[in-house]
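Fold and geometry: a report
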Amino acid sequence: MKANLAGLRSLISNPDFLFLILISINLVVGALTAADFGESWDEHLRYQYAQKSLAAYSGDVGGLKDEKGSFYVMVGKLGSEVLGFLRKDWQPIQAWHYMNFLTFQLGLYFLYRLAKRVMSGWAALTTVLLFVTQPLLWGHAFINPKDIPFTVFFLGSVEFGLSMVDVLTKRDSPPSRDRDRLAGSEVFLGNVFSGEWRGLVRKKKLILIVVSASSLGLVLLLIVFRKYLTTLLGQFVYQAYYAGPDTLLGRAFSSLAENRQILPAANY
């Protein structure tokens, strides 16, 4: 009995195990709420693009135009068909939404791996909790087949790249207790933030300080004058929306807003 309790305490005190619990809870909650999300106004375009991209592999390339890459939409379409077979009560768009949500869970795994490289397991788990509980990200995890997958695959690319650095570092360097204790990527990051800084000449240090201070000042400026800048930007958008097609501003806005004739100015 004591051995079982000790084993249970060991699991509960392990952030990796709690991360798996978090993912499991997400999968259940996501399955229960996937049907609550409606179709976004342009989502059918991505769905149709997936259908046409898959059809192209069987020789039907009529009307297919490249649009932000076809890899994910094809994977999402095939995965949603499998989910639709398992959940007969789901509409195709609901299965599509849950497939997007599954992709989001993969992103949480990459984020957790990356965070553990620069902080403790508990801090990494807290980071993932803060990330996944943002209402905007949670909603977009279902209905956004563009930005969410891009974020996931970007995180994955960074993690796989750092893992490659780990392997090369361990292969090309002699064994060392310090190097065994720290992953190769952490050694790399440490060099960036310490050794590289010490090696910079005074002029470059001054430039970096000025650029960093200017960036911070710009962020603070945007926060303080956010209301005024938002109003100013809104007025500019309305002016561009109603600008004539013969003006430079009107032509520029029309090239960026393809659905200008369909959507009201307030949407922009």
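Residues numbered from 1 in each chain as written. Predicted model: local features only at pLDDT ≥ 70, side-chain atom pairs only at ≥ 80, totals over all residues. Heavy atoms only, no water.

Concerning the overall build of the chain
- In terms of regular secondary structure, the chain is built from 13 helices and 0 strands.
- Going from N to C terminus, the chain has its helices and strands arranged as α-α-α-α-α-α-α-α-α-α-α-α-α.
- In the chain, 59% of the contacts between residues at least 6 apart in sequence involve partners at least 24 apart. (Helix = DSSP H or I, 4+ residues; strand = E, 2+ residues; numbered from the N terminus. Contact = heavy atoms within 4.5 Å.)

Section: the packing of helix H12 (residues 226-241) against helix H13 (residues 248-256)
- One can describe the packing of H12 onto H13 by two numbers: an axis separation of 8 Å at closest approach and a directional angle of 95°. Here H13 runs roughly perpendicular to H12, going by the angle between their axes. In this structure, H12 contributes Phe-236, Val-237, Gln-239, Ala-240 and Tyr-241 to the contact, and H13 contributes Leu-249, Gly-250 and Phe-253.
- In the contact of H12 with H13, the residues fall into 6 nonpolar, 2 polar and no charged. (Axes fitted to C-alpha atoms, helices over the stretch in contact; angles between N-to-C directions. Parallel < 35°, antiparallel > 145°, perpendicular 65-115°, else oblique. Nonpolar A, V, L, I, M, F, W, Y, C, P; charged D, E, K, R; others polar.)

Let's talk about the environment of Gly-38
- Note on placement: Gly-38 falls in the loop between helix H2 (15-33) and helix H3 (43-56).
- On the accessibility criterion, Gly-38 (52% relative accessible area) is exposed.
- The spatial distance from the C-alpha of Gly-38 to the C-alpha of Ile-93 is 8.3 Å, given a sequence separation of 55 residues.
- In contact with Gly-38, not counting residues within four places along its chain, are Glu-43, His-97 and Ile-143. (Buried < 20%, exposed > 50% of the residue type's maximum accessible area, 1.4 Å probe, protein only.)

Remarks on the packing of H2 against helix H6 (residues 121-132)
- The geometry of H2 relative to H6 is characterised by a closest axis approach of 9 Å and an angle of 15° between their N-to-C directions. As judged from the angle between their axes, H2 and H6 are roughly parallel. Where H2 crosses over H6, the handedness of that crossing is left-handed. On H6, the residues touching Pro-15, Leu-18, Phe-19, Leu-22 and Asn-26 of H2 are Gly-121, Trp-122, Leu-125, Val-128, Leu-129 and Val-132.
- When grouped by side-chain class, the residues that make up the contact of H2 with H6 number 9 nonpolar, 2 polar and no charged. (Left-handed = near helix turned anticlockwise from the far one by under 90°.)

Looking at helix H5 (residues 92-118)
- With 27 residues, H5 extends 41 Å between its outermost C-alpha atoms, agreeing within 8% with the 39 Å of an ideal straight helix rising 1.5 Å per residue.
- With respect to burial, H5 is a largely interior element, 20 of its 27 residues being buried. (Expected span 1.5 Å × (residues − 1).)

Re the pattern of salt bridges
- For the structure on display, the rule yields 6 salt bridges.
- For Arg-117, the salt bridge identified is with Glu-159, shortest N-O distance 3.0 Å. One end of the pair, Arg-117, is in helix H5; the other, Glu-159, is in helix H8 (residues 147-172), and 42 residues separate them in sequence.
- Residue Arg-117 is classed as buried on the basis of its relative accessible area, which comes to 9%.
- A salt bridge links Asp-166 to Arg-117, with the shortest nitrogen-to-oxygen separation between them at 2.8 Å. Taken as a pair, Asp-166 in helix H8 and Arg-117 in helix H5 lie far apart in primary sequence, 49 residues in all. The pair formed by Asp-166 and Arg-117 is uniform in burial state, with each residue classed as buried. (Salt bridge = Lys/Arg side-chain N within 4 Å of Asp/Glu carboxyl O.)

Brief notes about the confidence of the model for the chain
- In this model, the chain carries an average pLDDT of 82, and 84% of its residues clear a pLDDT of 70 or more.
- Here helix H9 (residues 177-181) stands out as the least confident element of the chain, with mean pLDDT 49; H5 is the most confident, with 94.
- Across residues 178-192, where pLDDT falls below 50, the model places 20 contacts with residues more than four positions away in sequence or in other chains. (pLDDT = per-residue confidence, 0-100.)

Considering the environment of Thr-126
- Looking at the element boundaries, Thr-126 is found in helix H6.
- Residues Thr-126 and Tyr-112, spaced 14 residues apart in sequence, show a C-alpha to C-alpha distance of 9.3 Å.
- A distance of 2.9 Å separates a polar side-chain atom of Thr-126 from the backbone oxygen of Trp-122. (Polar contact = N/O pair within 3.5 Å; in protein donor to acceptor, adjacent residues only side chain to side chain.)

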